[in-house]
Amino acid sequence: MIEHRVDAAKAVPAKAPGQRQKPDRTEEPDWGEAYRVYRLLQEIVLAWQAENASNFRGPRRRPAADVREEYDDLRCEPESRAKSRVEAEEDRNGAAERPYFTLDRLPEKSVIELWHQLDAASGQQCGSEETVRRFEQFKATGTLTEADMLGRLRLAFAGVARLARRQYSAEELEAAGHRWPRPICPVCGEQSPLSLVLPPVGKRHLFCRVCGHEWAGKRVSCILCGSELAKDQTYLRSESYPGVEIVICQTCGEYFKEFDARERWVDDWVWEDIRTLPLDYAAEKWLADLRRKDGNRH
Ligand SMILES: [Zn+2]
Ligand SMILES: [Zn+2]
């Protein structure tokens, strides 16, 4: 299955020929401080969830037919991506399961409230009205100029999405996980999950960083495009990060991260994803290098 195995450190272009290749020092964040801030914000999210759990009303699941049209507009897949036969078949017979909700259907009041609390804890002194104004700005443009605030807004969306996910029964969540063929979370509709390889036999699960949903995935394929061409998949590993692999797929030109929980189990995969960001940098450099080489060849 593994055609190429490359050490992540070697995939990073050297600053000078002959030098040992390492990720750029400036890209190494201060993990101690980053973790402290991460934990602080997580505590606020957890407290907000505990306080609101009993009276929270999130979006209810709607019939697939209702959601389809709306969701087709929201789905941010590359336009050029041709529908697979399976997808086309699903659309024809109307059996396609759409996500139970999308982030824009979460109660805004809750998102704004949690965001405001996260901002306040981070020393961002702005009033509730200002938070609402910025939220409107985000809705209109899809972004914010202040990267920190945007990061905390994403955290607020995730905090509310996790609460919304808890409204569904175990059966509903189980059903959501089995019918979705694409890397879109079957509960909240967000893309690019993490891949987890679970003990004892190495089953692959996909894990949504936003709502925390986990569902079974195919073991041997690119989780992003479904390609099963082993020769198109390159694995990057680094000794500094045991149990983590970057899988680069040359069919779709993207990469994803895979955590082997048999080798290293952690309780918080979201933090594990953040902590291993240097591997993402390595993958991006590796891909850029590959594109450059390909460019030179043509
Ligand atoms: Zn999700
Ligand atoms: Zn792919």
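Look up a bit, the structure's there.
### A short note on the coordination of the zinc ion (ligand 1)
Within the protein, the atoms that donate to the zinc ion (ligand 1) are Cys-185 (SG), Cys-188 (SG), Cys-208 (SG) and Cys-211 (SG), at distances of 2.3 Å. Taken together, the 4 donor atoms coordinating the zinc ion (ligand 1) and their angles of 102 to 114 degrees define a geometry best described as tetrahedral. Counting residues between consecutive donors of the zinc ion (ligand 1) along the chain gives the motif C-x2-C-x19-C-x2-C. Of this pair, Cys-185 sits in the loop between helix H8 (170-178) and strand E2 (194-198) while Cys-211 sits in the loop between strand E3 (203-207) and strand E4 (214-216), and the two are 26 residues apart along the sequence. For the pair Cys-185 and Cys-211, a shared accessibility class is recorded, and that class is buried.

### Notes on the coordination of the zinc ion (ligand 2)
With distances of 2.3 to 2.4 Å, the protein atoms coordinating the zinc ion (ligand 2) are Cys-222 (SG), Cys-225 (SG), Cys-249 (SG) and Cys-252 (SG). Metal-centred angles of 105 to 114 degrees between the 4 donor atoms at the zinc ion (ligand 2) mark the site as tetrahedral. The motif formed by the donor residues of the zinc ion (ligand 2), counted along the single chain, is C-x2-C-x23-C-x2-C. With Cys-222 in the loop between E4 and strand E5 (233-237) and Cys-252 in the loop between strand E6 (244-249) and strand E7 (254-260), this residue pair connects regions lying 30 residues apart in the sequence.

### Here we look at the pairing of E2
Most of E2 sits inside the fold, with 5 of its 5 residues counted as buried. Of the two faces of E2, the one lined by Leu-194, Leu-196 and Leu-198 and the one lined by Ser-195 and Val-197 are each fully buried. What sits between the antiparallel neighbours E2 and E3 is a turn of 4 residues, in which Gly-202 has the positive phi angle 85 degrees. Note that E2 and E7 share 3 bridges and pair parallel.

### Structural notes on the pattern of salt bridges
Applying the stated rule across the entire model yields 21 salt bridges. A salt bridge links Asp-280 to Lys-257, with the shortest nitrogen-to-oxygen separation between them at 2.6 Å. Here Asp-280 is found in helix H10 (residues 277-297), whereas its partner Lys-257 is found in strand E7, with 23 residues between them in sequence. An identical accessibility class is assigned to Asp-280 and Lys-257; each is buried. With a shortest N-O distance of 2.8 Å, Arg-264 and Glu-272 are connected by a salt bridge. Owing to a relative accessible area of 31%, Arg-264 belongs among the partly exposed residues under this scheme. Judged by its relative accessible area of 2%, Glu-272 is buried.

Cut-offs and rules
Residues numbered from 1 in each chain as written. Chains lettered and ligands numbered in written order. Predicted model: local features only at pLDDT ≥ 70, side-chain atom pairs only at ≥ 80, totals over all residues. Heavy atoms only, no water. Donors = N, O, S within 2.8 Å, 3.2 Å for Na, K, Ca; no water. Tetrahedral: all angles 85-135°; square planar, octahedral: opposite > 155°, others 65-115°. Helix = DSSP H or I, 4+ residues; strand = E, 2+ residues; numbered from the N terminus. Buried < 20%, exposed > 50% of the residue type's maximum accessible area, 1.4 Å probe, protein only. Pairing = 2+ DSSP bridges. Salt bridge = Lys/Arg side-chain N within 4 Å of Asp/Glu carboxyl O.

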